[in-house]
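Summary of structural features
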Amino acid sequence: MNSQQTSNILNNSDIIEGVEQLSQNNSIIQQMFKELNLSTEYPDYSSVDYWNNRYSLQKEKCFEWLQSYSKLQPFIHNCLFGRFDISQILYVGCGNSQLQDYMQLDGIKNIRCIDFSDILIRQKQQQTIPYYLMDVTNKIDFEDEEFDFIIDKCLLDSLMSGTSFFERVSKYLSECYRILKPNGTFMIVSYGHPDIRTIYLKMFKIQIIQIEKIKIEQFNDIEHHYIYMCTK
């Protein structure tokens, strides 16, 4: 487990400096180029039109990106310090994940979920957990310092696909920082290598946890996922 503490607000000079520092690592550079070209290799996962179409056509009721709750449970428990009934929790870009349902079955309360797909939100209206239609690349409609714990499972990765991702990512991370309580934790589950992702997380104190990934054909060159424990 690695630890990194930073306090700078994300800006273009951070990105340029970070890329220069990576210049000696060809495998990481190749992954970065792959991310920058996702719009030609893969769907644009940052597009609401893509997700609305997917949710309107989907046959499966749920899909779990990257890691299951059973794998993430000990890390979530550690973040909540046993305060399952009083911690305020936000799951950003929840999609049709069941992570929040398993958390609730595990005795964790006060969970709220947001997503920018109106089709997905309509499908979730009968759930006991509240779902809100929000676009994280605009202002997240919650108060400053409202949440103890924020969960991102592949949302940051999705925002980095397509074009003009810097503006999306910068706004998203700034908003998460704003609504997170002091000493609160923003847990990001990602396929992105730390030498790439930590460039964008300089406003947080960071702990990095490497976790073995489930083999998926289109990402078979990636052996691990990463959990970024970002503390305000």
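Counting starts from 1 at the beginning of each chain's written sequence and moves along it residue by residue. Since the coordinates come from a predicted model, pLDDT governs what is reported: local features require at least 70, and pairs of side-chain atoms require 80 or more to be given and counted, while whole-chain, interface and lining totals use all residues. To obtain the side-chain values, all non-hydrogen atoms of the structure were used and water was disregarded.

If you check an unreviewed UniProt entry, the protein chain appears there as Methyltransferase type 11 domain-containing protein from Paramecium sonneborni. UniProt positions are given in the numbering used here, feature names are shortened, and annotations may be inferred rather than shown by experiment. According to the UniProt record, the Sequence similarities (unreviewed entry) comment for the protein chain reads "Belongs to the methyltransferase superfamily."

Here we come to the pairing of strand β8 (residues 224–231). The cut-offs for exposure are 20% and 50% of the maximum accessible area for each residue type, with area from a 1.4 Å probe on protein chains only; residues under the lower value are buried, those over the upper are exposed, and the others partly exposed. Numbering of helices and strands starts at the N terminus; helices are DSSP runs of H or I of at least 4 residues and strands are runs of E of at least 2. Where burial is concerned, most of β8 is hidden: six out of the eight residues are buried. A strand pair is defined by DSSP finding two or more bridges across the two strands. Note that strand β6 (residues 180–190) and β8 share six bridges and pair antiparallel. Among the inter-strand pairings, I188 is bridged to a residue of β8, identified as Y228. The pairing of strand β7 (residues 205–212) with β8 spans eight bridges and is antiparallel. From the neighbouring strand, I209 faces β8, where its bridge partner is I227.

On to the side chain of S161, then. With respect to the helices, strands and loops of the structure, S161 is situated in the loop between α8 (155–159) and α9 (165–179). Overall, the relative accessible area of 0% leaves S161 in the buried class. Pairs of N or O atoms are called polar contacts if they sit within 3.5 Å, as long as, within protein, a hydrogen donor faces a hydrogen acceptor (for residues adjacent in sequence, only side-chain-to-side-chain pairs). A distance of 2.8 Å separates a polar side-chain atom of S161 from the backbone oxygen of S158.

A few words on the environment of S170. Structurally, S170 can be placed in helix α9. Through-space distance from the C-alpha of S170 to that of Y200 is 7.6 Å; in sequence the pair is 30 residues apart.

This part covers the pattern of salt bridges. Salt bridges are defined by distance alone: a side-chain nitrogen of Lys or Arg within 4 Å of a carboxyl oxygen of Asp or Glu. Across all of its chains, the model carries eight salt bridges by this definition. Notably, a salt bridge pairs R122 with D118, separated by 3.0 Å at the nearest N-O pair. Here the residue R122 and the residue D118 both occupy positions in helix α7 (residues 118–123), the gap between them amounting to four residues, near one helical turn. Among the residues examined, R122 registers a relative accessible area of 55% and is labelled exposed. The class for D118 is partly exposed, based on a relative accessible area of 29%.

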